[in-house]
Amino acid sequence: MDRTSSILRGLWLPLVTPFRDGQLDETSLRRLVRHYATEPVDGLIVAATTGEGLTLDDGEVERLVDVAAAERSSLGRPMALYLGLSGSDTRKGCRALERMASWPVDGYLIACPYYSRPSQQGLYRHFSALADQTARPIVIYNIPYRTGVNMSNETMLRLAERSNIVGVKDCSADQAQSFDLLRTRPPGFSVLTGEDALFYGALTQGADGGILASAHVETASFAAIRNSLLAGDQKGALAGWRALVDLPRLLFAEPSPAPIKYWLWRAGLIDSPEVRLPMTEISDGLAARLDQEMARRGLRM
């Protein structure tokens, strides 16, 4: 695999999973894929954290992939489709990758094992085993405040030596660690920030883009910030970020993805703001704030 010619970059969306009456809402899913195919999105990730992947059963995950892939194919849009995976049993992860070998996805976003808090050697061997199981590209999801374990840059760089471990969704919450990784990563290894509120800062330090739940909203404005920086227009990028910076704070004011789903529902992109337990619907107070922000931005409700 030639990583330097296929580096992951730009704006990626961890797509919400629409539900209605407890079931996967395929009509809304198709609508979402069609909508974001018209936006400057470089890739979609389904069944990840924002997609409530931990609440989906195996059949639902497979159906989610099939519907999203079929819709993308019908549109003829060159937009990558990755599948989010997580778990703390390496054997189960390998078996899952074997089972998914024929699925129509381009790669995987795989979170560090949660709760068990393995050593750095354990992390290395876990991802090495997963990489051995598939020829598809793998993006590591490092988010220690959810998993309980932080992958060190040393371990990350060891894994980056493997041809199909192509990047990281960086949510380390340690800006020094993130900057050092950007300085020392090998050519072709992508660093995409997953911290929505730090998107602008990460780009200015050299990140290749972001995997941003907030970019379900004002998608083009998020993409424009990166485009402005690439064009050398730092003043324009900063102005754009100042206009957006309060949006991630609002969309994460209560547990995600409930606020995002409410916004998408009010915008007519999904038919219900339903989430699955243990997630719950947003409060009346936040709903009023979201309605007010949508009205301020001139969005139809």
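Before any of the text, the structure's been laid out above.
Residues numbered from 1 in each chain as written. Predicted model: local features only at pLDDT ≥ 70, side-chain atom pairs only at ≥ 80, totals over all residues. Heavy atoms only, no water.

Draft legend 1. The pattern of salt bridges, seen in detail. The full count for this structure, using the stated rule, is 19 salt bridges. Asp58 is the salt-bridge partner of Arg99, the closest N and O atoms lying 3.9 Å from each other. Taken together, the positions of Arg99 in helix 3 (residues 90–99) and Asp58 in helix 2 (residues 58–75) put the pair 41 residues apart, joining distant regions of the chain. Assessed through its relative accessible area of 42%, Arg99 is described here as partly exposed. Classification of Asp58 by relative accessible area gives exposed; the value is 53%. Two residues, Asp89 and Arg91, come together in a salt bridge whose shortest N-O distance is 3.4 Å. (Salt bridge = Lys/Arg side-chain N within 4 Å of Asp/Glu carboxyl O. Helix = DSSP H or I, 4+ residues; strand = E, 2+ residues; numbered from the N terminus. Buried < 20%, exposed > 50% of the residue type's maximum accessible area, 1.4 Å probe, protein only.)

Draft legend 2. Structural view of the nonpolar core. Counting 83 residues, the largest nonpolar core has Leu15, Tyr36, Leu44, Leu83, Phe127, Ile140 and Phe222 as its most contacted members. Tallying contributions element by element places helix 2 first for this core, with 6 residues. Every residue in contact with Phe222, bar those within four places of it in the chain, is listed here: Leu11, Phe199, Leu212, Ser214, Ala215, Val217, Trp241, Leu244, Leu247 and Pro248. (Core = buried A, V, L, I, M, F, W, Y, C linked by side-chain atoms within 4.5 Å. Contact = heavy atoms within 4.5 Å.)

Draft legend 3. A look at the state of the cysteines. Tallied over the full model, the rule gives 0 disulfides. Cys94 carries a free sulfur, and the closest cysteine sulfur to it, the one in Cys112, is 15 Å from it. The exposure class of Cys94 is buried, given its relative accessible area of 15%. In this model Cys112 remains outside any disulfide bridge; the closest cysteine sulfur is found in Cys171, 11 Å from its own. With relative accessibility at 0%, the residue Cys112 sits in the buried group. (Disulfide = S-S within 2.5 Å.)

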